[in-house]
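Residue-level structure breakdown
Chain by chain, the residues:
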Amino acid sequence: MGREITGGEFQQADFDRFAERLRAETETLREHFQKDRFSPRHGVGGYELEAWLVDGANQPAPVNEAFMARMPAETVTPELARFNFELNSTPLPVTGDALRRMHDELAANWRRCREAASELGADPVMVGILPTVTDAMLGVANMSPRTRFKALNEQVLQARGDRPIPLDIQGAEFLHTEHHDVMLEAATTSFQVHLQVAPERAVRYYNAATVLSGAMVGVSANSPFLFGKRLWRETRVPLFEQAVAAGGFGDAAFGPVKRVTFGHGYVRRSLLEVFEDNLAHYPVLLPVELEHERDSLPHLRLHNGTLWRWNRPLLGFDDDGTPHLRVEHRVISAGPSVIDTMANAAFFYGLIHALAEQEEAPEADLEFATARDNFYRAAKHGLEARLVWMDGRNWPLRDLMRERLLPAAREGLADQGCAAADVEGFIGILEERVRTAQTGAAWQIAYANTHGRDMAGLVGAYRQRQDSGAPVHEWSV
């Protein structure tokens, strides 16, 4: 979905033609799996960071077009709202000094963002949900001027029979509202981590990402407020799931088949199962003509881009055109700081390797339904959640992190040959975050409890601390 499209006004013939191409490309992908045509290259990591632009009053600043014009084109892309943007990284093998190089690239790009935004009287902020965004700001007037966003909005609403999108979130407080476009999605900014995987290990890595999702969303939670209400520690999760509330075919359109989902089960034999599920259960949203890109399976990839699983398999291509498989882990909130962001990435890269490469597959000891429950429980309660782990114990998440997961992540990074100083540095940040129990969400709640529900003041204090470069566990209230 990061690509622009042409057209945007569709007829039934467009949907029929796209569906036929999608079926043919899914069959081609099946042949790729059967004949082992995928790149053996693996262990290559990368990321996408979504962020906000705010003005001097700490309100969303709808200036992303002018902002992007001041940035290197290869580093930044527009997001759904005029006050959002996305930073992209250079893929690197996760070994040696890669973690430090990823950090340094992000730090340098973030400095460029601050310089470019300052020319517009704005400032970039990385946070899961900006506390000052209001329901009224999330309308089509603030939609980025891209054909794909306009078409996505129209097709989601059409799939819903033009019924408004209800938002109901029960957390520490309760929020209910209705929306008449997909702009609620713009309030959910994340840090998406990618990992290229070897085809013969892809199932193990994809399922490992599913297993670790609960711990990851809990330790990285950074969006406790929406429209002035304190809801989940990671309110981005229910918000995103409800913001694009269009489902599957026929009777499933408003039922359990959702386009934003944790999924329905582990992968058993190959990642092909997910793409076959895409074809079988989800109607086409954007039936654009892509015949000039036939060799890259563009219809299959675009369709997959309109399905936002919290762990999503991606089909990509090496520089020589060989297809490869990636796991995209979408559960991590944006922020709170550059160093926290890379600590989250290091934890993911270490833990997924440790789980996927252990002798017995982790999914053998943890039911999918339990992994799913862990995810939503941790999204709701953050580090205060209790998760059931592979040993059958019901763990306080902080204890599970200290005793099992952080040591496993450290070992996983070491096994990949990551520099010892980087491993200790980044995993050490997670250890301190767990020890102090101060995630980004916990800091925001503590600040509001101390200073009141002044959301502009909260964002101002958040910006100051983020700009200092200090990790969130060191932030004062």
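In what follows, the structure referred to is the one given above.
Just so we're clear, the structure is a prediction, and the values are computed from it rather than from any experiment.

Turning to the environment of E154, a few remarks are in order. With respect to the helices and strands, the residue E154 is situated in helix α4 (residues 147-159). By relative accessible area, which is 28% here, E154 ends up partly exposed. Among the polar contacts listed, one links the side chain of E154 to the side chain of K150, at a separation of 2.7 Å.

Counting buried positions along strand β1 (residues 44-54) yields eleven of eleven residues, so the element is predominantly enclosed. Judged by which residues are buried, β1 turns out to be covered on both faces: V44, G46, E48, E50, W52 and V54 on one side and G45, Y47, L49, A51 and L53 on the other are all buried. Pairing geometry for β1 and strand β8 (residues 190-197), over six bridges, is antiparallel. What sits directly across from G45, in β8, is L195. Note that β1 and strand β3 (residues 84-88) share five bridges and pair antiparallel. Each bridged residue has a counterpart across the sheet, and for E50 the counterpart in β3 is E86. Note that β1 and strand β5 (residues 123-125) share three bridges and pair antiparallel. Bridging across to β5, W52 finds its partner in V125.

As a further point, take unusual backbone geometry. Residue P336 is bonded to the preceding G335 through a cis peptide linkage, with omega at 0°. Within the secondary structure layout, P336 lies in the loop between β14 (323-333) and α9 (338-357). Backbone geometry at D162 places phi at a positive 60°, although glycine is not the residue there. Among the secondary structure elements, D162 is positioned in the loop between α4 and β6 (165-170). Non-glycine residue L297 carries a positive phi angle of around 50°. Among the structural elements, L297 can be located in the loop between α7 (272-281) and α8 (298-305).

Turning our eyes to something else, we now look at the nonpolar core. With 160 residues, the main nonpolar core has F67, F347, Y349 and M401 as its most contacted residues. Not counting the four nearest positions on each side in its chain, Y349 is found in contact with G45, G46, V94, L99, M102, V193, H194, L195, L413 and Q416.

Take the packing of helix α5 (residues 202-219) against α9 next. It is the contact of α5 with α9, at a shortest axis distance of 9 Å, that shows an interaxial angle of 140°. Judged by the angle between their axes, α5 and α9 are oblique. For the element pair α5 and α9, the recorded crossing hand is right-handed. Residues R204, Y205, A208, A209, V211, L212, M216 and V219 of α5 pack against N344, F347, F348, L351, I352, H353, L355, A356 and E357 of α9.

Further remarks concern the environment of E289. Among the structural elements, E289 can be located in the loop between α7 and α8. Along the sequence, E289 and D14 sit 275 residues apart, while their C-alpha atoms lie 7.9 Å from each other. Among the polar contacts made by the side chain of E289, one reaches the side chain of R17 at a distance of 2.9 Å.

Moving on: the pairing of β6. Every second residue of β6 is oriented toward a common face, the buried set being I165, L167 and I169 and the non-buried set P166, D168 and Q170. Here six bridges tie β6 to strand β7 (residues 174-179), and the two strands are oriented antiparallel to one another. Across the sheet, the residue bridging to I169 is L175, located in β7. Following β6, the chain reverses through three residues before pairing antiparallel with β7.

Thresholds applied
By convention here, each chain's residues receive numbers from 1 onward along its written sequence. Owing to the predicted nature of the model, reporting of local features is limited to residues with pLDDT of at least 70; listing and counting of side-chain atom pairs is limited to 80 or more, with chain, interface and lining totals taken over all residues. To obtain the side-chain values, all non-hydrogen atoms of the structure were included, while hydrogens and water were left out. Only DSSP runs of H or I with at least four residues qualify as helices, and only runs of E with at least two residues qualify as strands; both kinds are numbered from the N terminus onward. With a 1.4 Å probe rolled over the protein chains alone, any residue whose accessible area is under 20% of its type maximum counts as buried; one over 50% counts as exposed, and the rest are partly exposed. Whenever two N or O atoms come within 3.5 Å, that pair is a polar contact, provided that in protein one can donate a hydrogen and the other can accept it, and provided that, for residues adjacent in sequence, both atoms are side-chain atoms. Pairing between two strands is assigned when DSSP locates at least 2 bridges connecting them. We call a set of buried Ala, Val, Leu, Ile, Met, Phe, Trp, Tyr and Cys residues a nonpolar core when their side-chain atoms join them within 4.5 Å. Any pair of residues with heavy atoms lying within 4.5 Å of one another is described as a contacting pair. Interaxial angle, 0 to 180 degrees, is taken between N-to-C directions of lines fitted to C-alpha atoms, where a helix line uses only the stretch in contact. Should an angle lie under 35 degrees it is considered roughly parallel, over 145 roughly antiparallel, and from 65 to 115 roughly perpendicular; all remaining angles are considered oblique. If you view the pair so one helix is near and one far, a crossing is left-handed when the near helix is turned anticlockwise from the far one by less than a right angle, and right-handed when it is turned clockwise.

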